[in-house]
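Structural overview for review
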Amino acid sequence: HVQLVESGGGSVQTGGSLRLSCVVSDYNENTECMAWFRRAPGKEREGVARIYSGGAATHYADSVKDRFSISQDNAKKTVYLQMNSLNPDDTAMYYCASDRARACLRGSISNTEFGYWGQGTQVTVSS
């Protein structure tokens, strides 16, 4: 069983930055692929960023590429999402998710491939 706990959300103005954290209870076969998703009001859940533990290969949605960065600290059992140059379109509930390595082999960050989820942390960006 995997537990994921997000933190770091908050309210910032356009152009600001936030760093989200996802503490993983245990690294195992079900946490080989870690990802961040978000769901904004009136929109579908969107895969934001993904990282594969084996070599730390990363993948980003076009909407956040060059602004967001995903990383992990194995010693702290934590996955991070550094968010820069935030704008109101980034306002959403952000979720941490994990699953087996195969989830990181797909061409897109698909929510159907992730079986373990945190409860989310809210990010609000004002203009």
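Residues numbered from 1 in each chain as written. Predicted model: local features only at pLDDT ≥ 70, side-chain atom pairs only at ≥ 80, totals over all residues. Heavy atoms only, no water.

Focus: the overall build of the chain
Which entries qualify depends on this criterion: Secondary structure follows DSSP: runs of H or I at least 4 residues long count as helices, runs of E at least 2 residues long count as strands, and numbering of each begins at the N terminus. This radius of gyration counts C-alpha atoms alone. The globule rule is 2.2 Å times how many residues there are, raised to the power 0.38. Surface accessibility follows the Shrake-Rupley procedure with a 1.4 Å probe radius. Residue values consider only the protein chains on display as shielding. When charges are counted, Lys and Arg contribute as positive and Asp and Glu as negative, whereas His and the chain ends are disregarded. Working definition for charges: the position is that of NZ of Lys, CZ of Arg, CG of Asp or CD of Glu.
Across its full length, the chain carries zero helices and eleven strands. Listing each helix as α and each strand as β along the chain from the N terminus yields β-β-β-β-β-β-β-β-β-β-β. Taken over the C-alpha trace, the chain has a radius of gyration of 13 Å; the compact-globule value for 127 residues is 14 Å, and the two agree within 12%. Taken along the three principal axes of its C-alpha coordinates, the chain extends 40 × 30 × 25 Å. Only carbon and sulfur atoms are counted for the fraction: they give 42% of the accessible area of the chain, which is about 6,400 Å². In the chain, 13 positive and 13 negative side-chain charges are present, and the distance between their average locations comes to 1 Å.

Details of the state of the cysteines
What counts here: Throughout, a disulfide means two cysteine sulfur atoms within 2.5 Å of one another. In this scheme, a residue with accessible area under 20% of its type's maximum is buried, one over 50% is exposed, and one in between is partly exposed, where area comes from a 1.4 Å probe on protein chains only.
Under the defined criterion, the tally for this structure stands at two disulfides. Disulfide pairing is shown between cysteine 22 and cysteine 96; the S-S distance is 2.1 Å. Note on the cysteine 22 and cysteine 96 pair: the S-S dihedral is about -80°, so by sign convention the disulfide is left-handed. Linking cysteine 22 in strand S3 (residues 18–24) with cysteine 96 in strand S9 (residues 92–99), this pair joins segments that are 74 residues apart in sequence. This pair shows no difference in class: cysteine 22 is buried, exactly as cysteine 96 is. If you count the bonded cysteines of the chain from the N-terminus, they pair up as 1-3, 2-4.

Side note on the sheet that holds strand S7 (residues 68–73)
The condition that has to hold: Here, a strand pair is defined by DSSP locating no fewer than two bridges between the strands. Only the contacting stretch of a helix is used when fitting its axis, a line to C-alpha atoms as for every element, and angles between N-to-C directions run 0 to 180 degrees.
Spatially, S1-S3-S8-S7 is the arrangement adopted by the four strands of the open sheet, whose pairing is antiparallel. Either end of the sheet is taken by a strand with one partner, and the two such strands are strand S1 (4–7) and S7. Between one strand and the next, the sheet's axes are offset by a mean angle of 15°, whatever the strand orientation.

Details of the pattern of salt bridges
Stated precisely, the cut-off is as follows: Between Lys or Arg on one side and Asp or Glu on the other, a salt bridge is scored when a side-chain nitrogen of the former is within 4 Å of a carboxyl oxygen of the latter.
Considering all chains together, one arrives at seven salt bridges under this definition. Close ionic contact of aspartate 62 with lysine 65 constitutes a salt bridge, the shortest N to O distance being 3.6 Å. A residue is classified by how much of its surface remains accessible, and aspartate 62, at 69% relative accessible area, is exposed. The network of salt bridges with shared partners includes Arg38, Glu46, Arg67 and Asp90.

Re the environment of arginine 38
To be explicit about the condition: Throughout, a contact is declared for two residues whenever any of their heavy atoms are within 4.5 Å. Any pair of N or O atoms that falls within 3.5 Å is considered a polar contact. Within protein, one atom must be able to donate a hydrogen and the other to accept it, and sequence-neighbouring residues count only if both atoms are side-chain atoms.
Note on placement: arginine 38 falls in strand S4 (residues 33–39). Assessed through its relative accessible area of 7%, arginine 38 is described here as buried. In sequence terms arginine 38 and alanine 49 are eleven residues apart; their C-alpha atoms lie 9.8 Å from each other. Apart from the residues lying within four places of it in its own chain, the contact partners of arginine 38 are Glu44, Arg45, Glu46, Val48, Ser63, Val64, Phe68, Asp89, Asp90, Ala92, Met93 and Tyr94. A polar contact of 2.9 Å, which involves the side chain of arginine 38, links it to the side chain of aspartate 90.

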